[in-house]
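Take a look at the letters that make up each chain.
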Amino acid sequence: MSDLLLRDLSRLSDLLEQARASALEFLTALPERPASVRPAPPTPLGLPDAGLGAEDALALFRRRYEAGLSGSVGPRYLGFVTGGTTPAALMGDWLVSAYDQNVSHGGDSLATSVEREALGLLRSLFGLPEDFEGAFVSGATVANLVALATARQWGMERLGHDVSEEGLWGLPRLAVLGSAPHASVLKALSILGMGRRAVQDVPCLPGRPVMDPKALEARLVALGGAPAIVLASAGEVNTGEFDDLEAVGQLCRRHGAWLHVDGAFGIFAACSPAHAHLLRGLAHADSVAADGHKWLNVPYDSGIVFTRHLEQQERSFRAVAAYLGLGPDLLHRTPENSRRFRALPAWMTLMAYGRDGHRALVERGCALARALGEALAASPHYALLAPVTLNIVCFALRSGDAARRDQLLAALQADGRVHLTPTHYAGRPGLRAAFSNWRTGEADLPIILAALEAAASSV
Ligand SMILES: *Cc1c(COP(=O)(O)O)cnc(C)c1O
């Protein structure tokens, strides 16, 4: 071992204390830290021949980069759908690196049991039937990928082909039906060799980004029993709207189609009795994608995939080698072989805050979105582009084009109190504010509104 490694090992307690102090300093200063920043990056460094040791490497990192990190873990970063990190999740995540378990197989550690237990807790939180088998992945993108790979395997088996062995070469197309699926679903279709253009657009209900069940029925009837994959959304990213999973699910059952539900953030509606009805029919799903690093408030990266077709899933993802074995191991369910112990932060936060804590967290996000929506509807500068149904406010400047909207975003970033991301909805350039961070509270609303009004007056 090098002298530096030996020296660092002998000072481990002091080094971890420095990391703890740095983390605490960062988190304590969150209220003053800009929600987002975009400084020019420094000139890249070269690889040192003699290393610096951990203490100096940390000091160098902080000096060069810390001020350039965003406050995305803080209460007024409302871009995308961005959760923070609860105290329990943070503790869990630190320990993941200390334990450094490889959760690919269960032969040498109970870590896989923690993953299975955490998946059971999430199944219960989401109200999913017991026959849904889960796995942690890096995010909802990969959860969508795993689900659609499994659906592809299922559909091709129905046509007499084992696509995991043969590939898609020369095989007929599978019908893929949906309205405005998330970009990550299209990415998954691209990776899977099915193609983004495979999606046959099902018309939406008037003025809403959700499938018209009547139109879906007509498409399914026209397929005459050929296997189809139906892409439903539990939480559309602009509006938070849900497909009617009961109606869509019954149609899928009747016509033998696979129902995939992308519930990256929306599945957390299950935590709130006032919103759980949005998920009615979820039990009809064949596969479900969810995110941990959004509304569960565990750190990146954390996603969860559930399917009730483990056989097809394992046919797609098994890694066959004498040394890997073919037990019921989690590596045969996901793209990775070696797998991070990412179940632990989720387990910690679920145990620490329980059903009631997650209910309160979700309900607070929805209440804040509603309140911001009401305030913006009454503002001279802004108008809502869609009703607030969950935790997202989709709105626009009353006047002006995309260039003015972009100037507004730049003004907001320069101000630093709040971070929003742009969108295009209902034919207009718009803005989105998504509430999914446990730290965001009532006291943030007037600050968010003041920043928005000031920015609108300045452009
Ligand atoms: C965020 C999101 C995704 C992609 O999730 P990642 O965690 O970024 O991989 C997929 N679908 C929906 C609806 C999302 O909101």
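Residues numbered from 1 in each chain as written. Predicted model: local features only at pLDDT ≥ 70, side-chain atom pairs only at ≥ 80, totals over all residues. Heavy atoms only, no water.

The chain is annotated in an unreviewed UniProt entry as Aspartate aminotransferase family protein of Corallococcus soli. Its UniProt record, at the heading Sequence similarities (unreviewed entry), says of the chain: "Belongs to the group II decarboxylase family." Per UniProt, the comment on the chain under Cofactor (unreviewed entry) is "pyridoxal 5'-phosphate". (UniProt positions renumbered as here; feature names shortened; annotations may be inferred.)

K.L.:
I'm lost on the site of the ligand in this one. Help?
P.N.:
In the vicinity of the ligand, 14 residues are found, and the nearest of them are Thr141, Asp262, Asp291, His293 and Lys294. Take alanine 140: an N or O atom from its main chain is 3.3 Å from an oxygen atom of the ligand. Side-chain polar atom of aspartate 291 to an oxygen atom of the ligand: 2.7 Å apart, as the coordinates give it. Its free accessible area being 380 Å², the ligand has 83% of it covered by the protein chains. The greatest single-element share of the shell around the ligand, amounting to 3 residues, is contributed by helix α6 (residues 140-158). Split by residue class, the shell around the ligand holds 4 nonpolar, 7 polar and 3 charged. (Near = heavy atom within 4 Å. Polar contact = N/O pair within 3.5 Å; in protein donor to acceptor, adjacent residues only side chain to side chain. Areas by Shrake-Rupley, 256 points an atom, 1.4 Å probe, with all protein chains shown as cover. Helix = DSSP H or I, 4+ residues; strand = E, 2+ residues; numbered from the N terminus. Nonpolar A, V, L, I, M, F, W, Y, C, P; charged D, E, K, R; others polar.)

K.L.:
Would you explain the pairing of strand β10 (residues 421-425) in this entry?
P.N.:
The side chains of a regular strand alternate, residue by residue, between the two faces of the sheet. Here β10 shows a clear split, with Thr421, Thr423 and Tyr425 buried on one side and none of Pro422 and His424 buried on the other. Across 5 bridges, the pairing between β10 and strand β11 (residues 428-434) is antiparallel. By the bridge assignment, threonine 421 is partnered in β11 with arginine 432. Taking the residues between adjacent antiparallel strands as the criterion, β10 and β11 are bridged by 2 residues, where alanine 426 takes a positive phi near 55 degrees. (Buried < 20%, exposed > 50% of the residue type's maximum accessible area, 1.4 Å probe, protein only. Pairing = 2+ DSSP bridges.)

K.L.:
Even after reading the chapter, I still don't get the packing of helix α12 (residues 343-377) against helix α14 (residues 444-458), so can you show me in this structure?
P.N.:
Two numbers describe a pair of packed helices, the interaxial angle and the distance between the axes. The interhelical angle for the contact between α12 and α14, taken along N-to-C directions, is 35 degrees, at an axis separation of 11 Å. By crossing handedness, the relation of α12 to α14 is classed as right-handed. For the pair formed by α12 and α14, the contact residues are Leu368, Ala371, Leu372, Ala375 and Leu376 on the first element and Leu445, Ile448, Leu449 and Leu452 on the second. By residue class, the composition of the contact of α12 with α14 is 9 nonpolar, no polar and no charged. (Axes fitted to C-alpha atoms, helices over the stretch in contact; angles between N-to-C directions. Left-handed = near helix turned anticlockwise from the far one by under 90°. Contact = heavy atoms within 4.5 Å.)

K.L.:
Quick question: what am I supposed to make of empty space enclosed by the protein here?
P.N.:
Over the atoms rolls a probe the size of a water molecule, and in doing so it shows where empty space is left. All chains considered together, the criterion is met by 4 cavities of 30 Å³ or more. Here the largest cavity defines a volume of roughly 60 Å³. (1 Å grid on protein atoms, 1.4 Å probe; cavity = no way out; pocket = protein on both sides within 12 Å on 5 of 7 lines; lining within 4 Å. Points joined across faces, edges and corners; volume = space filled by probe spheres on them.)

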